[in-house]
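# Inside the fold
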Amino acid sequence: DIQMTQSPASLSASLEEIVTITCQASQNIGNWLAWYQQKPGKSPQLLIYGTTSLADGVPSRFSGSRSGTQYSLKISRLQVEDIGIYYCQQASSTPTFGGGTKLELK
Amino acid sequence: QVQLKESGPGLVQPSETLSLTCTVSGFSLTSYNVHWVRQPPGKGLEWMGVMWSGGSTDYNSALKSRLSISRDTSKNQVFLKMNSLQSEDTTTYYCARENYSGSFDYWGQGVMVTVSS
């Protein structure tokens, strides 16, 4: 199975700050990478698919990028509604998820 | 609009079999893949398996011996059965639709299952 190592596990940031979360794939997954946001008691919500494509209704402050087998999710100006847990997921083979990043307000 | 909804028992006895149903609307099971994903309380997401649009299945190798996924296209339902349940199977179970990029664009609200006597 392809392993997705996500970092950091937790992150505290201020409003309007730039936030970056990364996922390292254990092997080449091309652009088969998605990001999700999950709020307490809710189902995960798709943010980005295909490494860089924004899902419907997702604010443009979210963006995705790739460098080799490292993938990043960037929030350009953190808003209060962005608080939650973020997961990456590879779709190159049988799906696997990163361990999650808990994003809190400082 | 696209919707998925899981249903099933909230409590299952140890060593028993779990049966869950995912009822979908707004899309066809013969056009989209439907996956099952689970999440233990306070922990991360674990992919369990998939019903491919063509009717075949794939499973997480760690669960394969205990897991079965099937469907009834006439009822727009996908079923999950998992046997020999233990306490570590206490978790929220989600069904999710896969879009054409391999990601999950719609999720059910999830069903919490507790394994306990």
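Our subject is the structure that appears above.
Each residue is numbered by its place in its chain's sequence as written, counting from 1. Going through the entries in the order they are written, you letter the chains from A and number the ligands from 1. Note on the predicted model: pLDDT of at least 70 is required for a residue's local features to be given, and 80 or more for side-chain atom pairs to be given and counted; whole-chain, interface and lining totals, by contrast, use all residues. In computing side-chain values, all of the structure's heavy atoms are included and hydrogens and water are not.

This part covers the interface of chain B and chain A. Contact residues are listed per partner, giving 21 residues for chain B and 17 residues for chain A. Carbon and sulfur atoms make up 63% of the area that chain B and chain A hide from each other, which totals about 1,400 Å². For salt bridges, the criterion is a side-chain nitrogen of Lys or Arg within 4 Å of an Asp or Glu carboxyl oxygen. On the surface where chain B and chain A come into contact, there are zero salt bridges. In protein, a polar contact means a hydrogen-donor-capable atom and an acceptor-capable atom, both N or O and within 3.5 Å, with residues adjacent in sequence counting only if both atoms are side-chain atoms; elsewhere, any N or O pair within 3.5 Å suffices. Linking chain B with chain A are seven residue pairs in polar contact (both at pLDDT 80 or more). Numbering goes from the N terminus for both helices and strands, where a helix is a DSSP run of H or I of at least four residues and a strand is a run of E of at least two. Taken together, the elements giving at least two residues each to the side of chain B that touches chain A come down to strand E4 (34-39), strand E5 (46-51) and strand E10 (104-107) of chain B. Counted by class, the side of chain B that touches chain A contains seven nonpolar, 11 polar and three charged residues. Note on contacts: a residue pair is in contact if any heavy atoms of the two residues lie within 4.5 Å. Once two parts are brought into contact, the accessible area they lose, counted with a 1.4 Å probe and summed over both, makes up the buried area. The classification used treats Ala, Val, Leu, Ile, Met, Phe, Trp, Tyr, Cys and Pro as nonpolar, Asp, Glu, Lys and Arg as charged, and all other residues, Gly among them, as polar.

According to the stated counting rule, one finds eight salt bridges over all chains in the structure shown. When the shortest N-O distance is used, the salt bridge between A:Lys102 and A:Glu104 registers 3.8 Å. A simple rule labels every residue: compare its accessible area, found with a 1.4 Å probe on the protein chains alone, to the largest value its type can have, and call it buried under 20%, exposed over 50%, or partly exposed in between. Given a relative accessible area of 43%, A:Lys102 falls into the partly exposed group. Classification of A:Glu104 by relative accessible area gives partly exposed; the value is 36%. A salt bridge links B:Arg66 to B:Asp89; the nearest nitrogen and oxygen atoms lie 2.9 Å apart. Placement of B:Arg66 in the loop between strand E6 (57-59) and strand E7 (67-72) and of B:Asp89 in the loop between strand E8 (77-82) and strand E9 (91-98) is noted, with a sequence separation of 23 residues between them.

Here we take up the sheet that holds strand E3 (residues 18-25) of chain B. Residues and elements named next belong to chain B. A pair of strands is considered paired only if DSSP assigns at least 2 bridges between the two. Judged by pairing direction, the sheet is antiparallel, and its four strands sit side by side in the order E1-E3-E8-E7 without closing on themselves. On the outer flanks of this sheet lie strand E1 (3-7) and E7, each paired with one strand and no other. Ignoring which end each strand starts from, the neighbouring axes of this sheet average 20 degrees apart. Direction of pairing for E3 relative to E8: antiparallel, over a ladder of six bridges. Considered in E8, the bridge of leucine 18 is made with methionine 82. The axes are straight lines fitted to the C-alpha atoms, using for helices just the contacting stretch, and the angles between their N-to-C directions are given from 0 to 180°.

Glancing now at the side chain of A:Asp82. All names here are of chain A. Within the fold, aspartate 82 resides in the loop between strand E8 (70-75) and strand E9 (84-90). Within polar-contact distance, the side chain of aspartate 82 engages the backbone nitrogen of glutamine 79 at 2.9 Å. Setting aside residues no more than four positions away along its own chain, aspartate 82 makes contact with Gln37, Arg61, Phe62, Ile75, Arg77 and Leu103.

All right, on to the sheet that holds strand E7 (residues 62-67) of chain A then. Residues and elements named next belong to chain A. Pairing is antiparallel in the open sheet, where four strands are placed in the order E1-E3-E8-E7. Strands at the two margins of the open sheet, each flanked by one partner only, are strand E1 (4-7) and E7. Looking at each pair of strands side by side, their axes are set apart by 20 degrees on average, direction ignored. The pairing of strand E3 (residues 19-25) with E8 spans six bridges and is classified as antiparallel. Across the sheet, the residue bridging to threonine 22 is serine 72, located in E8.

A word on the pairing of E8(B). Residue and element names in this part refer to chain B. As paired elements, E7 and E8 share six bridges and run antiparallel to each other. Each bridged residue has a counterpart across the sheet, and for aspartate 72 the counterpart in E8 is glutamine 77. Adjacent in sequence and paired antiparallel, E7 and E8 are bridged by four residues, among which asparagine 76 carries a positive phi angle near 55 degrees.

A few words on the state of the cysteines. Residue and element names in this part refer to chain A. Disulfide: a pair of cysteine sulfur atoms within 2.5 Å of each other. All chains considered together, the criterion is met by two disulfides over all chains. Each disulfide pairs two cysteine sulfurs, and for cysteine 23 the partner residue is cysteine 88, the sulfurs being separated by 1.8 Å. What sets the handedness of the cysteine 23 and cysteine 88 disulfide is the S-S torsion sign, and at about -80 degrees it is left-handed. A residue pair is termed long-range when its members are at least 10 positions apart, and cysteine 23 in strand E3 and cysteine 88 in strand E9 qualify at 65 residues.

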